Amino acid sequence: PFSEPESSAVRDFMAQVLPKTAFSTHSTAGSYLMPYGYNTSPPAFEIYSEWASVFLSENDYPYGVTFQMLGYTSCGTTRDFMHSEGIYGWTPEIDGSGFWPPQSTIFDLVGENVFPLFYQSWIAGAFVDVQSHELGGNAIPGETMELTVEVKNVGVGATAENVIVEVTPSHPGITVSAPQSYGSVAPRSRADNLGTSFEITLDPNFTESSFELTLVTTQDGIFNDQMVLTVQTGEKEVLYFDNAENGASNWISSGTGILWSVVLDDAYSGTQCFGDSNGGNGENNTQNSFELLPTFDFSGAQQPAISFVSKYSFENGDRVDFQMSLDAGISWQTLDSFEGAESWHEKNYLLQNLQGEASVNFRFTLFNDSFIPADGFYFDDFEVANYTNGILGNSDFEFNVVGVSPNPFSGQIVVKWFDTVDFALIKVGLFDLQGRAIDMKLGYGPKEITINGLENLSSGLYFLRIEDPVKGQFVQKMIKQ
Ligand SMILES: [Ca+2]
Ligand SMILES: [Ca+2]
Ligand SMILES: [Ca+2]
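Residues numbered from 1 in each chain as written. Chains lettered and ligands numbered in written order. Predicted model: local features only at pLDDT ≥ 70, side-chain atom pairs only at ≥ 80, totals over all residues. Heavy atoms only, no water.

Time to look at the domain arrangement of the chain. For the chain, the assigned domains are domain 1 (5-124), domain 2 (128-233), domain 3 (238-388) and domain 4 (402-480). Around 600 Å² of area is buried between domain 1 and domain 2 when both sides are counted, 52% of it from carbon and sulfur atoms. At the boundary of domain 1 with domain 2, the tally comes to two salt bridges. Among the salt bridges present, the one from Arg188 reaches Glu50, with a minimum N-O distance of 2.8 Å. Our enumeration of links across domain 1 and domain 2 arrives at five residue pairs in polar contact (both at pLDDT 80 or more). Every element with two or more residues in the side of domain 1 that touches domain 2 is listed here: α2 (45-55) and α5 (106-124). (Domains from an automatic or database assignment. Buried area = accessible area lost by both parts, 1.4 Å probe. Salt bridge = Lys/Arg side-chain N within 4 Å of Asp/Glu carboxyl O. Polar contact = N/O pair within 3.5 Å; in protein donor to acceptor, adjacent residues only side chain to side chain. Helix = DSSP H or I, 4+ residues; strand = E, 2+ residues; numbered from the N terminus.)

What follows is the structure, given as structure tokens:
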């Protein structure tokens, strides 16, 4: 080694600069190579993949060792030398049509590689990510919820100083307690605000069906990371929650290739999550599933909902489908498909169309084609819940159905459909606490139904029931002023 002036110059430069992280840029595979080039699996995968899943989420480049990304081994590369010297080294393979891509593509190719360069310089020092969160209580008008936020200094070179977490609501009807100081956070360490939760208070007159909370981390007053949470209003009954910390005994893995399991490479909450390929990338020509064993009975449910946090990295042609079955696993319908790459983020599904279904199963299914296996899919904090007495309205959830306003009401109630079903008979009824009908309205494929003449109704609690032959039945708690 170092027989050539070029390689000894690199060695001498490293000794002078003492970097923590480094890129040795190549083209044109559109992927990021990890050490070691001679081996088929990388060392320190948990650190390399944790970073890469963030800095490559913008350009969707997959990451792995040369053998996985390019199909051959390459010995004695700069990044291998760097890793052996305690430097985290990658070989970025910039995308493009060839070693001399057309001039017209240069701006795009540079643009998609700028964020990884920034991120690499940030993690060489200190960089504070939102690590996990826990939201307690119910989002009910006039009530207060408690939010704890855990952060992590994902950097390797410095302690993060003056770390502050701020929570910003999407709606003026939500108030949040002041930003909190997390002090100093050592490299690769976590900190949280357990015991001094953020307080999230809903105005007594809040009428939205959901709202968002944006969690922002700063270090010395400089923005680092953000995470957006969607909160559904109503009383939440948790039917199933799994943070993966107790293993995968509630899930069944089947199919070809590496099977789904607990993943230790990265986690949102705690130290474990679930995924298709622990310890590295997946395998080509794989199709397998991870099915939740409990079956759910939504026959008495008002608003079934699912949420989880996930991150993923797929090469073009590979994907994960999130699926449900209404016939005990004989047939599966896809609720969502995950392709490309995303860093940790929350997913929410308001499954109003499952209301009344007595037997519902859920699973994740992975499809890897015959070319380039990427890191795959990770998920954590998987929750199945039923919301009751929530506010129905224009929602940030993926399935929007109806809006009811105002609530509290005085003279009239207006019910609106955002997701119109033509030629469907919609029934809207207002009932008192004893179940007596106050008024009933029918509409044939309407976008709006108004119940009038409620001025003389005595103040108190009522229920509005909306029956839609396609979307199902919804019950909404209403307050008469
Ligand atoms: Ca976890
Ligand atoms: Ca993996
Ligand atoms: Ca592939």
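With that settled, consider the coordination of the calcium ion (ligand 2). Protein ligation of the calcium ion (ligand 2) involves Ser277 (O), Ser277 (OG), Gly280 (O), Asp375 (O) and Asp375 (OD), the donor distances falling in the range 2.3 to 2.5 Å. Read in sequence order, the donor residues coordinating the calcium ion (ligand 2) give the pattern S-x2-G-x94-D. Of this pair, Gly280 sits in the loop between β18 (273-275) and β19 (286-292) while Asp375 sits in the loop between β24 (361-368) and β25 (376-388), and the two are 95 residues apart along the sequence. Accessibility classification places Gly280 together with Asp375 in one group, the buried group. (Donors = N, O, S within 2.8 Å, 3.2 Å for Na, K, Ca; no water. Buried < 20%, exposed > 50% of the residue type's maximum accessible area, 1.4 Å probe, protein only.)

Let us look at a nonpolar patch on the surface. On the surface, a cluster of nonpolar side chains totalling about 420 Å² of accessible area is made up of Ile106, Val110, Val114, Phe118 and Trp122. Inspection of the secondary structure assignment puts Val114 in helix α5. (Patch = residues over 30% accessible without salt bridge, like charges linked within 9 Å, V, L, I, M, F, W, Y side chains within 5 Å. Areas by Shrake-Rupley, 256 points an atom, 1.4 Å probe, with all protein chains shown as cover.)

Let us now look at the packing of aromatic side chains. Applying the stated rule across the entire model yields 57 aromatic pairs. Taking 6.4 Å as the distance between ring centres and 75 degrees as the angle between the ring planes, the aromatic pair formed by Tyr240 and Phe296 counts as edge-to-face. Of this pair, Tyr240 sits in strand β15 (residues 235-242) while Phe296 sits in the loop between β19 and β20 (303-313), and the two are 56 residues apart along the sequence. Just as Tyr240 is buried, Phe296 falls in that class too. Between Trp251 and Phe290, the ring centres sit 4.8 Å apart and the planes meet at 5 degrees, which makes this aromatic pair stacked. You can see Trp251 sitting in strand β16 (residues 251-255) and its partner Phe290 sitting in strand β19, a full 39 residues away along the chain. One exposure class covers both Trp251 and Phe290, and it is buried. For the cation-ring pair, Lys311 lies above Tyr378, with the distance from its terminal atom to the ring centre recorded as 4.4 Å. (Phe/Tyr/Trp six-rings, centres within 6.5 Å; stacked < 30°, edge-to-face > 60°. Lys NZ or Arg CZ within 6 Å of the ring centre and 35° of its normal.)

Inspection of the secondary structure assignment puts Ser313 in strand β20. Each residue touching Ser313, except ones within four places of it in the same chain, is listed here: Tyr61, Pro62, Tyr63, Gly340, Ala341, Ala374, Asp375 and Gly376. (Contact = heavy atoms within 4.5 Å.)

It is worth spelling out the pairing of strand β5 (residues 88-94) at this point. Among the seven residues in β5, six count as buried, and that is most of the element. The pairing of strand β1 (residues 21-23) with β5 spans three bridges and is classified as parallel. Across the sheet, residue Thr21 finds its bridge partner in β5, namely Tyr88. With two bridges joining them, strand β2 (residues 26-27) and β5 adopt parallel strand pairing. For His26, the partnering residue across the bridge sits in β5 and is Glu93. Across three bridges, strand β3 (residues 31-34) lies against β5 in antiparallel orientation. Residue pairing in the sheet places Tyr32 in a bridge with Pro92 of β5. (Pairing = 2+ DSSP bridges.)

It is worth spelling out the nonpolar core at this point. Nonpolar side chains in soluble globular proteins tend to end up buried together. Counting residues in each nonpolar core, the largest one holds 53 residues, and the members touching the most others are Trp51 and Trp90. Broken down by element, this core gets its largest block of residues, seven residues, from α2. Apart from the residues lying within four places of it in its own chain, the contact partners of Trp51 are Tyr88, Trp90, Tyr119, Ile123, Val154, Val156 and Arg188. (Core = buried A, V, L, I, M, F, W, Y, C linked by side-chain atoms within 4.5 Å.)

In this section: the coordination of the calcium ion (ligand 3). Within the protein, the calcium ion (ligand 3) binds to Glu315 (OE), Asp318 (OD), Asp318 (OD), Asp369 (OD), Phe371 (O) and Ile372 (O); these donor distances fall in the range 2.2 to 2.7 Å. Viewed at the metal, the six donor atoms of the calcium ion (ligand 3) are separated by angles of 52 to 157 degrees, and the geometry they form is irregular. Counting gaps between the donor residues of the calcium ion (ligand 3) yields the pattern E-x2-D-x50-D-x1-F-I. Of the two residues, Glu315 is situated in the loop between β20 and β21 (319-325) and Phe371 in the loop between β24 and β25; the sequence distance between them amounts to 56 residues. For Phe371, a relative accessible area of 52% corresponds to the exposed category. (Tetrahedral: all angles 85-135°; square planar, octahedral: opposite > 155°, others 65-115°.)

A word on helix α1 (residues 5-17). Its 13 residues give α1 an end-to-end C-alpha distance of 18 Å, which sits within 8% of 18 Å, the value for a rise of 1.5 Å per residue. Once α1 ends, the next one or two residues include Leu18, with phi positive near 50 degrees. (Expected span 1.5 Å × (residues − 1).)

Turning our eyes to something else, we now look at the sheet that holds strand β22 (residues 333-338). The antiparallel open sheet is built from five strands, whose spatial order is β16-β19-β24-β21-β22. Every interior strand has two partners, whereas the edge strands, β16 and β22, have only one. When the angles between neighbouring strand axes are averaged without regard to direction, this sheet yields 20 degrees. (Axes fitted to C-alpha atoms, helices over the stretch in contact; angles between N-to-C directions.)

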